[in-house]
Amino acid sequence: MLLRTAWRRVAAALPAAQGPSLEAPTRGLRLRVADHAPQSAVPSDTATAPEMESVLRPLYMDVQATTPLDPRVLDAMLPYLVNYYGNPHSRTHAYGWESEAAVERARQQVASLIGADPREIIFTSGATESNNIAIKGVARFYRSRKKHLITSQTEHKCVLDSCRSLEAEGFQVTYLPVKKSGIIDLKRETHQLVASHICPRPGPGSEPATQELEAAIQPDTSLVSVMSVNNEIGVKQPISEIGRICSSRKVYFHTDAAQAVGKIPLDVNDMKIDLMSISGHKIYGPKGVGAIYIRRRPRVRVEALQSGGGQERGMRSGTVPTPLVVGLGAACEVAQQEMEYDHKRISKLAERLIQKIMKSLPDVVMNGDPHHHYPGCINLSFAYVEGESLLMALKDVALSSGSACTSASLEPSYVLRAIGTDEDLAHSSIRFGIGRFTTEEEVDYTVEKCIYHVKRLREMSPLWEMVQDGIDLKSIKWTQH
Amino acid sequence: MAASSRARVLDLYRAMLRESKQFSAYNYRTYAIRKIRDAFRENKNMKDPVEIQALVNKAKRDLEMIRRQVMASLKIGAFKLRNIEGPLMTSKHGHSSYCTLFFHTG
């Protein structure tokens, strides 16, 4: 009610008259004509949309990096950016009270998405901060009795880096290797040739055993951190099983659910999750906000990283950014309503993309388990094609190879290395992201261009010629001059 | 009573589609049109009048929201996507009227 009346006032105050829908086609026409002939005079009518670049933009297929704001989220945020600008911690006036009410409403929205109590949600600046709080906070609080942490080799850089900094403080960390499918090994199942940071236990024959989770838990382990959905290969870890193992061994379980929240159903009680990181800009919310879920029953104690006025139950001091938090709450509510519809659509589009590419191109490998997989993140390796050159060729589509955080360096992604991908295949991998707003046309266009350019690049490749002639590339002795 | 509410629902459907077609951004426009069609189709066999009223109220709120966001997008403007909306590309999603005007001047 409040929002609507406020908006009516704002709308009435808007300077330019918003004409009825009849005028829209001509406005749109003028815009297009302006695009087509940039030298002609720009229309001086201020009611038209401002001149956008006449350069057309690439299609966006990189939703794992970030997502566009859902219009419903922007709609929820605008009043708090324009009118309700109070500090939620001001206790003495209406500006503060209404801002605080909005923050609490958002907290409830986030909590209901994951099956938590609103008192268990702390707002942060993003999933990176949430991961830092979870890992460093829990480790440091229990440091007197527990000195060991467990995580996996395919985690996000912020988790791995937090663990590394804890190692410098004297903690011991086990980086569990993953199977070729990308999934964590829960029990001693198979033996694999995968490099591990920990000395492999000797097994039958010369192959080292994979380190499995249950065996890695020691009496002094305080925390296990495994991400729910991997941002590079889209693999879904068996969260329920890991939760069960951790709770039976009285170890806290943290999951980085930045890519999973709002996309697959998550319940912190069913899955026995003790800590969870949530990111706003991965679920069609604003950038710069996230949340951490910290269980209250049984209470998980966390040492605060950020000191200050004791906001957010003392766990994260600092003014809570009301508009961003309202946006996060709205994004979570929308995600809860749209989860099934989006999942069905995205699965269909992903199936379409994979089928079309696999049908037209030989020697394409999908990285990551095809079954325990979130459909919207597809990582394909095109053999005998260099990934960078394929990305450059696909200039009309915004794609990435490897995650945005590591794209500055030239080395192949550590995630692909952890699942045992060959060096050359790791360099030829591209990640396709399909999201709520992706259309069938965009997928078809991407597939068409991808097939065209892969064929073209392979034609130019001498390696491909040799393969066509039946030469086994691995048998070649490359001479050194 | 049933006939007028049916007419009301259809009016709402048409109004929402008409409004959504004005989104400047391709992705928002296509999403809104698709979602409106799918959501109305999914609920077309709803019988309970209380539930129907709840859905109609929600649709009215969503229509207001679409109007506001369309207004915002017309003011702010939006990019056109290469090869999906660029010159000589038509979209299946209901703004063929724009395209015919475009071709006439193009």
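Residues numbered from 1 in each chain as written. Chains lettered and ligands numbered in written order. Predicted model: local features only at pLDDT ≥ 70, side-chain atom pairs only at ≥ 80, totals over all residues. Heavy atoms only, no water.

**Structural notes on the overall build of chain B**
Part 1 of the reasoning: On a plain count of helices and strands, chain B comes out with four helices and zero strands.
Part 2 of the reasoning: The N-to-C order of helical and strand elements in chain B reads α-α-α-α.
Part 3 of the reasoning: For chain B, the residues scored as buried account for 42% of the 106 residues in total.
Part 4 of the reasoning: In chain B, 65% of the contacts between residues at least 6 apart in sequence involve partners at least 24 apart.
Part 5 of the reasoning: When the accessible surface of chain B is split by element, carbon and sulfur atoms take 59% of a total near 6,100 Å². (Helix = DSSP H or I, 4+ residues; strand = E, 2+ residues; numbered from the N terminus. Buried < 20%, exposed > 50% of the residue type's maximum accessible area, 1.4 Å probe, protein only. Contact = heavy atoms within 4.5 Å. Areas by Shrake-Rupley, 256 points an atom, 1.4 Å probe, with all protein chains shown as cover.)

**A short note on the overall build of chain A**
Part 1 of the reasoning: A count of helical and extended segments in chain A gives 14 helices and twelve strands.
Part 2 of the reasoning: When burial is assessed residue by residue, chain A has 55% of its 481 residues classed as buried.
Part 3 of the reasoning: Taking the contacts inside chain A whose residues are at least 6 apart along the sequence as the reference set, 72% of them involve residues at least 24 apart.
Part 4 of the reasoning: In the structure as shown, chain A presents an accessible area of about 22,000 Å², 55% of it carried by carbon and sulfur atoms.

**Digging into the environment of Ala 258 of chain A**
All names here are of chain A.
Part 1 of the reasoning: Position of Ala 258 among the secondary structure elements: in the loop between β6 (252–256) and β7 (275–279).
Part 2 of the reasoning: Separated by 131 residues in the primary sequence, Ala 258 and Ala 127 have C-alpha atoms spaced 6.4 Å apart.
Part 3 of the reasoning: The contacts of Ala 258, once residues within four sequence positions are left out, are Ala 127, Ser 277, Ser 279 and Lys 282.

**With respect to a positive patch on the surface**
Part 1 of the reasoning: On the surface, Arg 297, Arg 299, Arg 301 and Arg 313 of chain A cluster together to form a positively charged patch.
Part 2 of the reasoning: Locating Arg 301 of chain A in the fold gives a position in the loop between β8 (290–294) and α9 (322–360). (Patch = residues over 30% accessible without salt bridge, like charges linked within 9 Å, V, L, I, M, F, W, Y side chains within 5 Å. Salt bridge = Lys/Arg side-chain N within 4 Å of Asp/Glu carboxyl O. Lys, Arg positive; Asp, Glu negative; His and termini not counted. Charge placed at Lys NZ, Arg CZ, Asp CG, Glu CD.)

**Focus on the sheet that holds strand β12 (residues 429–433) of chain A**
Residue and element names in this part refer to chain A.
Part 1 of the reasoning: Overall, antiparallel pairing links the three strands, which are arranged β9-β10-β12 in an open sheet. The sheet is open, and its two edges are formed by β9 (364–366) and β12, each paired on a single side. Taken pair by pair, the neighbouring strands of this sheet meet at an average axis angle of 30°, ignoring direction.
Part 2 of the reasoning: Pairing of β9 with strand β10 (residues 377–382), which is carried by three bridges, proceeds in the antiparallel orientation. Each bridged residue has a counterpart across the sheet, and for Val 365 the counterpart in β10 is Ser 381.
Part 3 of the reasoning: Of the strands in this sheet, β9, β10 and β12 are in contact with α9, which crosses β10 at around 10°.
Part 4 of the reasoning: Relative to the sheet, helix α13 (residues 440–460) contacts β9, β10 and β12, its axis offset from that of β10 by approximately 20°. (Pairing = 2+ DSSP bridges. Axes fitted to C-alpha atoms, helices over the stretch in contact; angles between N-to-C directions.)

**Description of the sheet that holds strand β2 (residues 121–124) of chain A**
Residue and element names in this part refer to chain A.
Part 1 of the reasoning: Taken in spatial order, the seven strands line up as β2-β8-β7-β6-β5-β3-β4 in an open sheet, and their pairing is mixed. Only two strands of the sheet have a single neighbouring strand rather than two, namely β2 and β4 (172–176). Adjacent strand axes in the sheet meet at a mean angle of 20°, parallel and antiparallel pairs treated alike.
Part 2 of the reasoning: In this structure, strand β3 (residues 148–152) lies alongside β4, joined through five bridges in parallel fashion. Paired with Ile 150 across the strands is Thr 174, a residue of β4.
Part 3 of the reasoning: On the sheet, helix α5 (residues 127–141) packs against β2, β3, β5 (221–225), β6, β7 and β8 and is oriented at approximately 160° with respect to β7.
Part 4 of the reasoning: Set on the sheet, helix α8 (residues 239–248) makes contact with β5 and β6; between it and β6 the angle comes to about 155°.

**Overview of unusual backbone geometry**
Residues and elements named next belong to chain A.
Part 1 of the reasoning: Here the residue pair Arg 297 and Pro 298 is connected by a cis peptide bond, since its omega of 0° sits within 30 degrees of zero.
Part 2 of the reasoning: Of note, Pro 298 is situated in the loop between β8 and α9.
Part 3 of the reasoning: For Tyr 384, which is not glycine, the phi dihedral falls at a positive 65°.

**Describing the confidence of the model for chain B**
Residue and element names in this part refer to chain B.
Part 1 of the reasoning: For chain B, per-residue confidence averages 80 on the pLDDT scale, and residues scoring 70 or more make up 76% of the total.
Part 2 of the reasoning: Within the model, the stretch residues 90–106 combines pLDDT values under 50 with 28 contacts to residues more than four positions away or in other chains.
Part 3 of the reasoning: Two summary scores accompany this predicted model of the complex, namely pTM at 0.83 and ipTM at 0.80. (pLDDT = per-residue confidence, 0-100.)

**What about the domain arrangement of chain A?**
All names here are of chain A.
Part 1 of the reasoning: According to the domain assignment, chain A contains domain 1 (71–184 + 211–336) and domain 2 (339–463).
Part 2 of the reasoning: The C-alpha centroid of domain 2 is placed 29 Å from the C-alpha centroid of domain 1.
Part 3 of the reasoning: Residue-level contacts link 31 residues of domain 1 with 25 residues of domain 2.
Part 4 of the reasoning: For the pairing of domain 1 and domain 2, the buried interface totals around 2,500 Å² over both sides, and the portion due to carbon and sulfur atoms is 59%.
Part 5 of the reasoning: Looking only at domain 1, the three residues that lose the most surface to domain 2 are Glu 232, Ile 233 and Tyr 284, adding up to 31% of its buried area.
Part 6 of the reasoning: The tally of links between domain 1 and domain 2 comes to zero salt bridges.
Part 7 of the reasoning: There are twelve residue pairs in polar contact (both at pLDDT 80 or more) connecting domain 1 and domain 2.
Part 8 of the reasoning: Looking at the side of domain 1 that touches domain 2, the elements with two or more residues in it are α3 (71–82), α6 (157–168) and α9.
Part 9 of the reasoning: No other element matches α9, which puts three residues into the side of domain 1 that touches domain 2. (Domains from an automatic or database assignment. Buried area = accessible area lost by both parts, 1.4 Å probe. Polar contact = N/O pair within 3.5 Å; in protein donor to acceptor, adjacent residues only side chain to side chain.)

**A look at the packing of aromatic side chains**
Part 1 of the reasoning: Summed over the entire model, instances satisfying the criterion amount to ten aromatic pairs over all chains.
Part 2 of the reasoning: Between Tyr 13 of chain B and Phe 40 of chain B, the aromatic rings sit 4.9 Å apart at their centres with planes inclined by 55°, giving tilted as the arrangement. Highlighted residues: Tyr 13 of chain B in helix α1 (residues 2–20) and Phe 40 of chain B in helix α2 (residues 26–42), separated in sequence by 27 residues.
Part 3 of the reasoning: With a relative accessible area of 22%, Phe 40 of chain B lands in the partly exposed category.
Part 4 of the reasoning: Put simply, the rings of Tyr 284 and Phe 437 of chain A together with Phe 23, Tyr 28 and Tyr 31 of chain B touch in pairs and so form one group of aromatic residues.
Part 5 of the reasoning: When the ring centre of Trp 464 of chain A is taken as reference, the NZ or CZ atom of Arg 458 of chain A above it lies at 4.7 Å. (Phe/Tyr/Trp six-rings, centres within 6.5 Å; stacked < 30°, edge-to-face > 60°. Lys NZ or Arg CZ within 6 Å of the ring centre and 35° of its normal.)

**Thoughts on the state of the cysteines**
All names here are of chain A.
Part 1 of the reasoning: A complete count under the given rule lists zero disulfides over all chains for this structure.
Part 2 of the reasoning: You can see Cys 246 has no disulfide; the closest cysteine sulfur is in Cys 163, sitting 14 Å from it.
Part 3 of the reasoning: Since its relative accessible area comes to 0%, Cys 246 is described here as buried. (Disulfide = S-S within 2.5 Å.)

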